[in-house]
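Survey of secondary and tertiary structure
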Amino acid sequence: MDLRFTPEENAFRQEVRGFFRDNLDPALRAKLVAGHHFSKQELVDWTRVLNAKGWGVPHWPVEHGGTGWTPVQQYIFLEELQAFPAPAPLAFGVNMVGPVIYTFGSEEQKTHFLPRIANMDDWWCQGFSEPGSGSDLASLKTKAVREGDHYVVNGQKTWTTLAQHADWIFCLVRTDPAAKKQEGISFLLIDMKTPGITVRPIQTIDGGVEVNEVFFDDVRVPVGNLVGQENKGWDYAKFLLGNERTNIARVGVSKERLRRIRELAAIERIGEEPMIRNPRFREKLAAVEVELKALEMTQLRVVAAERTREKGKPDPASSVLKIKGSEIQQMTTELLLDVVGPYALPYAPEPDADAHLSNEPPIGPDWASSVAPTYFNWRKVSIYGGSNEIQRQIIAKAILGL
Amino acid sequence: MDFDLSDEQRLLKESVDRLVADRYDFESRNRFRSEPDGFSREIWAQFAELGLLAVPFAEEHGGIGGGPVETMIVAEAFGRGLVVEPYLSTVILGGGLLRHGGSEAQKAEILPAVAAGETTLAFAQVERGSRYDLFDVATTARQDGEGWILNGEKGVVLHGDSADRLLVTARTGGSRRDRHGIGLFLVDAKAPGISRRGYPTQDGMRAAEISFDNVRVGPDGVLGDPGGALLVVERVADEAIAALCAESLGIMDRMRDLTVEYIKTRKQFGVAIGSFQALQHRAADMVVAIEQARSMTYFATMMAGEDNAAERASAIAAAKVQIGRSGRFVGQQAVQLHGGVGVTMEYSIGHYFKRMTMIDTAFGDADHHLSRLAEGGGLFKAA
Ligand SMILES: Cc1cc2nc3c(=O)[nH]c(=O)nc-3n(C[C@H](O)[C@H](O)[C@H](O)COP(=O)(O)OP(=O)(O)OC[C@H]3O[C@@H](n4cnc5c(N)ncnc54)[C@H](O)[C@@H]3O)c2cc1C
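Residues numbered from 1 in each chain as written. Chains lettered and ligands numbered in written order. Predicted model: local features only at pLDDT ≥ 70, side-chain atom pairs only at ≥ 80, totals over all residues. Heavy atoms only, no water.

1. Describing the site of the ligand
The line we're drawing: The nearness test applies per residue and asks whether one of its heavy atoms lies within 4 Å of the molecule or strand. Here a polar contact means two N or O atoms within 3.5 Å. Within protein one must be a hydrogen donor candidate and the other an acceptor candidate, and residues neighboring in sequence count only if both atoms are side-chain atoms. All accessible-area figures derive from a Shrake-Rupley calculation using a 1.4 Å probe, and residue coverage is judged against the displayed protein chains alone. Helical segments are the DSSP runs of H or I of at least four residues, strand segments are the runs of E of at least two, and each set is numbered from the N terminus. Classification convention: Asp, Glu, Lys, Arg as charged; Ala, Val, Leu, Ile, Met, Phe, Trp, Tyr, Cys, Pro as nonpolar; all other residues, Gly among them, as polar.
Among the 30 residues in the neighbourhood of the ligand, the closest are listed as Ser135(A), Thr161(A), Ser387(A), Glu389(A) and Arg266(B). The backbone of Gln126(A) places a nitrogen or oxygen atom 2.8 Å from a nitrogen atom of the ligand. Interatomic distance of 3.0 Å between a backbone N/O atom of Phe128(A) and an oxygen atom of the ligand. Protein chains bury 94% of the 970 Å² of accessible surface belonging to the ligand in isolation. Put simply, the parts of the chain that give the shell around the ligand at least two residues each are helix H12 (388–399) of chain A together with helix H9 (309–338) of chain B. Partitioned by chemical class, the residues of the shell around the ligand number 13 nonpolar, 13 polar and four charged.

2. A short note on the pairing of strand S7 (residues 206–217) of chain B
Residues and elements named next belong to chain B. This is how the line gets drawn: A pair of strands is considered paired only if DSSP assigns at least 2 bridges between the two.
Two elements, strand S3 (residues 147–158) and S7, share eight bridges in a ladder whose sense is antiparallel. Paired with Lys-154 across the bridge in S7 is Ile-210. Where strand S6 (residues 194–200) meets S7, seven bridges bridge the pair, whose relative direction is antiparallel. The residue of S7 that forms the bridge with Pro-200 is Arg-206. Connecting the antiparallel pair S6 and S7 is a turn made up of five residues, with Gly-204 showing a positive phi of about 85 degrees.

3. Let's talk about the interface of chain B and chain A
For clarity, the cut-off: Contacts were defined at the residue level, with two residues in contact if any of their heavy atoms lie within 4.5 Å. Buried area adds together the accessible area that both of two parts lose upon being put together, with accessible area traced by a 1.4 Å probe. Salt bridge, as used here: a side-chain nitrogen of Lys or Arg that lies within 4 Å of a carboxyl oxygen of Asp or Glu.
Of the residues lining the interface, 48 residues belong to chain B; the matching set on chain A comes to 54 residues. Both faces considered, chain B and chain A share a buried interface measuring about 4,400 Å² in area, 55% of it formed by carbon and sulfur atoms. Our count for the chain B to chain A interface comes out at six salt bridges. Between Glu334(A) and Arg328(B) there is a salt bridge, with the nearest N and O atoms lying 2.8 Å from each other. Taken together, the links from chain B to chain A amount to 25 residue pairs in polar contact (both at pLDDT 80 or more). Contributing elements (two or more residues each) for the side of chain B that touches chain A: S3, S6, strand S8 (267–268), helix H8 (277–303), H9, helix H10 (349–360) and helix H11 (366–375) of chain B. If one sorts the elements of the side of chain B that touches chain A by residue count, H10(B) sits on top with five residues. When the residues that make up the side of chain B that touches chain A are grouped by side-chain class, the tally is 15 nonpolar, 16 polar and 17 charged.

So yeah, pure geometry; function would need other evidence.
This is how it looks when you write it as structure tokens:
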């Protein structure tokens, strides 16, 4: 047992960090640091920079554009990306539908979609949840009826993240209403420009618009867009959700946040002293750091075990990562509330990501306006990706056999 | 020991509860917020008509002579409705400062107009560097003949953009963090030299950054001792915290009701999610947290009028800690149990959650008051 990174791995880390330093627009990095949103185009451009370097989809199989890195290298890359911070490539493409396509899709699907995902020629969104089917996803009702060489889709999806930008949506649809609920579901790829699709925004409590309802009214989808076999969609969805949960720990994101909190707490004062000298505050901060270090080690254990695990089978420990990862992210948003104090209160609608900076001076410290909205918005991380209650249920059943 | 309300208090409670129930549903609130001042002048007039704006004032000033219990009753109801009108800033803060610190002439001039709903007030106290310390004042008041000249910047002044009059803390002597040398001034919000930058707040209300550039205040504009206003400010802040505790209680009760209602009706896996023991226990923990908060709200209410400043301060600090902790827990659980809809603007639960969060940052968060309490020797001292 030697838990240190090898010299090669450390050198790799430096290489990755150097690349980000040389290639990421500092203005975009500043937006991320400030907790502001970036535009669609900024993400597309950045993804293409990564892809040109050959790092667009590092974790994919080499024949589809992956790097062949070891799991530890994959981890280092992701951590550096999050901690730099640099924008993460859109998960719906590279982490969700991409792996489903290269694992279960047809040759045509692989050839057509995979390079486009890696280069962000298509923006993907995830059409799983429905108003009546959240935690109980398998009860979904959106139906697809085969008519010749098309499926006709009717129904509604909801919570569809960034569907307003999307070119494509991957959906779970019911193709066999008579079967047991998990057994009548199929996985369809749908072009968002198909007639009959309507997107309606849902405003979140921080004032942002990142989720949507998507309505399907007699939407005709070519049968060639079915992934794998009809009525086997639930298996593919489980595979996908397992991948989603390992990425959800976001150790690097929390590291970056904690570093920033330390920085800001050295500037903000409580009385005569910088906040970071206040014993109550700095012990709270240190306590979260302890939690994060433990999570990082847990994450590395999961990464190390990947070498020996049966391929494509997610580790049940990913539920541990999801629960702790989301809780720690939420704790960091609370620490920032502590730091900002009374200047959490002003509400300044975020300028459009594409708009020029306004010349109105900020109200209070220039980093204050995103603090409360981020705290509010981050309540989502214990709700989505399989809520933390559902994760506990998985641990109780799959790990403990209760 | 008597936790019961008197007959008059019960009547007050019935009338304010009814007003909130009848006039203050979620949609109405959204409408009120979008009015020019960020609240409804019509509702404000109704508050006046019902005597709610007169609650803490003496009868000779157009008031009804109520005490902390009456204020608690009103604030709790306002919490349930998430009322956005400037009650705290006008009646509790501005009115309180005048009540405790104003001359007879000042009270007679302003309090009847406040009670009648004709004048609104705001308390310009926080500064960019003061954080939660009431004595940390950099804004200056320089004596000029009989009067004073104010210079400085105040921030997050609740309802400061629409208020008719401002009560301003400013330093007449000493250095920035001295307890002595703080004066309290009453100025017309439109006086020359005052500029106000109003903005919406995270919890659906309004506030302002206000700068004072050689603002002249006449001799009749100073409240009490120009170098010794801190005691009045602290007393009024304690009363405001007691009112915020009561408002929080209304908010938490409502969050519990909304959540219980939701988990009874929302179905997943073919059953109401409220049938899952994991969620039942979470809801039960919410109840425990709320009952602790209720008790401390009563304690704060009982102690808000205490003349021994040290005892009052520890009691109020303790209550604010409890409210902060309970409020954080109850708010987070309420959102969590709602699932995705909990983080949307369309559902009211998120708006309660936001107001609850912001109350923690008003007049000191839980950590601030925990330190205060600990430094003061705690609650249970050796006999
Ligand atoms: C910001 C955001 C973005 C999202 N993005 C997407 C997206 O892009 N695509 C997509 O398809 N979906 C997305 N989702 C949907 C997300 O996956 C669901 O919100 C989630 O599955 C929970 O479902 P629900 O909201 O219907 O809550 P419900 O399932 O109704 O749950 C309500 C509460 O009950 C609890 N609960 C439910 N069942 C049990 C049980 N058996 N035992 C104990 N407790 C239980 C839950 O934990 C929760 O606390 C997003 C959600 C949010 C908030």
